[in-house]
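Fold and geometry: a report
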Amino acid sequence: MSFYPRLPLVALALVFLHAAYAQPPILQGTKSGEQVYKTVCVACHDSGVAHAPKFGDRAAWAPLIAEGQHVLTGHAWVGVRAMPARGGSAELTLADFARAVAYMARGSGGNWKDPDSTLLLQIVKEADKRLVTSIKEQQAMQRELHNLTKTAK
Ligand code: HEC
């Protein structure tokens, strides 16, 4: 049997191999933590504007690192006070953002690795919890406003 009749089989095997080794969607992203830091986060975390923990400031980062990687990354992703959600960059993926947090932690006394898909899933859960809390807070504010307009009538 010549090689050629087997080509469809070879193609099929390649499709399966690709599916097995392709990055799961949660790991998608193309930038290293250092690249993201130097293009996005540096704007505030280099100078420490509005109390942003400065890159390399071990004292500022120690309590943050102690929170745990999934907790800190999840909270920072949805935004914390003057820290904008996604670091203010709408096109940043969660994986790229999480690598930037790990890079900042490594440069500030921590030993965090770039997160794998298991850790990223934990980060997603933590960010989701935070969002639910802030949505409830906003709904309470909305109810307060609606009550104001009712009593104004
Ligand atoms: C516009 C300014 C700004 C940019 C840009 C910015 N940050 Fe921040 N970030 C802050 C400030 C301010 C805080 C401190 C918030 C506080 O604790 O009140 C902060 C806090 C954090 C924290 C600690 C969060 C916590 O729970 O205390 C992390 C982690 C963080 N930033 C990561 C990043 C990463 C990663 C990027 C880039 C993708 C980024 N930041 C971009 C301003 C910024």
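Notes on the structure follow. Being a predicted model, the structure only gives us computed values, none of them experimental.

With that out of the way, let us pick up the overall build of the protein. Within the protein one finds 6 helices and 0 strands. C-alpha atoms of the protein, sized along the principal axes, occupy 85 × 50 × 25 Å. The burial tally for the protein puts 24% of its 153 residues in the buried class. Sequence-distant contacts, at least 24 apart, represent 72% of the contacts inside the protein between residues at least 6 apart.

With that settled, the discussion passes to the site of the ligand. As a matter of local geometry, the ligand sits amid 25 residues, with Cys-41, Cys-44, Arg-81, Met-83 and Gly-87 nearest to it. Of all the elements, helix α2 (residues 33-45) adds the most residues to the shell around the ligand, at 6 residues. Its residues placed into classes, the shell around the ligand shows 19 nonpolar, 5 polar and 1 charged.

On to helix α5 (residues 94-106), then. In an α-helix there are 3.6 residues to a turn, and that puts residues three or four apart on one side. Counted at 1.5 Å a residue, the expected span for α5 with its 13 residues is 18 Å, and the 18 Å between its end C-alpha atoms agrees. Burial analysis of α5 places 12 of its 13 residues in the buried class, which makes it a mostly covered element. When α5 is considered as a whole, its buried residues turn out to be Leu-94, Ala-95, Asp-96, Phe-97, Ala-98, Arg-99, Ala-100, Val-101, Ala-102, Tyr-103, Met-104 and Ala-105.

With that settled, consider unusual backbone geometry. For Ala-50, which is not glycine, the phi torsion reads 50° and is therefore positive. Relative to the helices and strands, Ala-50 resides in the loop between α2 and α3 (58-66). Note on Ala-50: 9 C-beta atoms within 10 Å, which makes it exposed. Although it is not a glycine, Arg-86 adopts a positive phi angle of roughly 55°.

On to helix α6 (residues 117-152), then. Helix length check: α6, at 36 residues, gives a terminal C-alpha distance of 52 Å against a target of 52 Å (1.5 Å per residue), a fit within 8%. All of the buried residues in α6 are Leu-120, Ile-123, Glu-126 and Ala-127. In this fold, the buried residues of α6 make contact with α4 (69-78) and α5.

Moving on: the nonpolar core. If you look at the biggest cluster of nonpolar residues, it comprises 24 residues, and the most contacted ones within it are Val-36, Leu-94, Phe-97, Ala-98, Ala-100, Val-101 and Met-104. Within the residue set of this core, elements represented by two or more residues are α2, α4, α5 and α6. Residue contributions to this core peak at 10 residues, all from α5. The contacts of Ala-98, once residues within four sequence positions are left out, are Thr-73, Pro-115, Leu-120 and Ile-123.

Relative orientation and spacing of two packed helices are given, respectively, by the angle between their axes and the distance between those axes. Relative to each other, α2 and α5 sit at 75°, their axes nearing to 8 Å. Classified by the angle between their axes, α2 and α5 sit roughly perpendicular to one another. In this structure, α2 contributes Gly-33, Glu-34, Val-36, Tyr-37, Cys-41 and His-45 to the contact, and α5 contributes Asp-96, Phe-97, Arg-99, Ala-100, Ala-102, Tyr-103 and Met-104. The class makeup of the residues in the contact of α2 with α5 is 8 nonpolar, 2 polar and 3 charged.

Analysis parameters
Residues numbered from 1 in each chain as written. Predicted model: local features only at pLDDT ≥ 70, side-chain atom pairs only at ≥ 80, totals over all residues. Helix = DSSP H or I, 4+ residues; strand = E, 2+ residues; numbered from the N terminus. Buried ≥ 20, exposed ≤ 12 C-beta atoms within 10 Å, placed from the backbone. Contact = placed C-beta atoms within 7 Å. Near = placed C-beta within 6 Å. Nonpolar A, V, L, I, M, F, W, Y, C, P; charged D, E, K, R; others polar. Expected span 1.5 Å × (residues − 1). Core = buried A, V, L, I, M, F, W, Y, C linked by C-beta atoms within 7 Å. Axes fitted to C-alpha atoms, helices over the stretch in contact; angles between N-to-C directions. Parallel < 35°, antiparallel > 145°, perpendicular 65-115°, else oblique.

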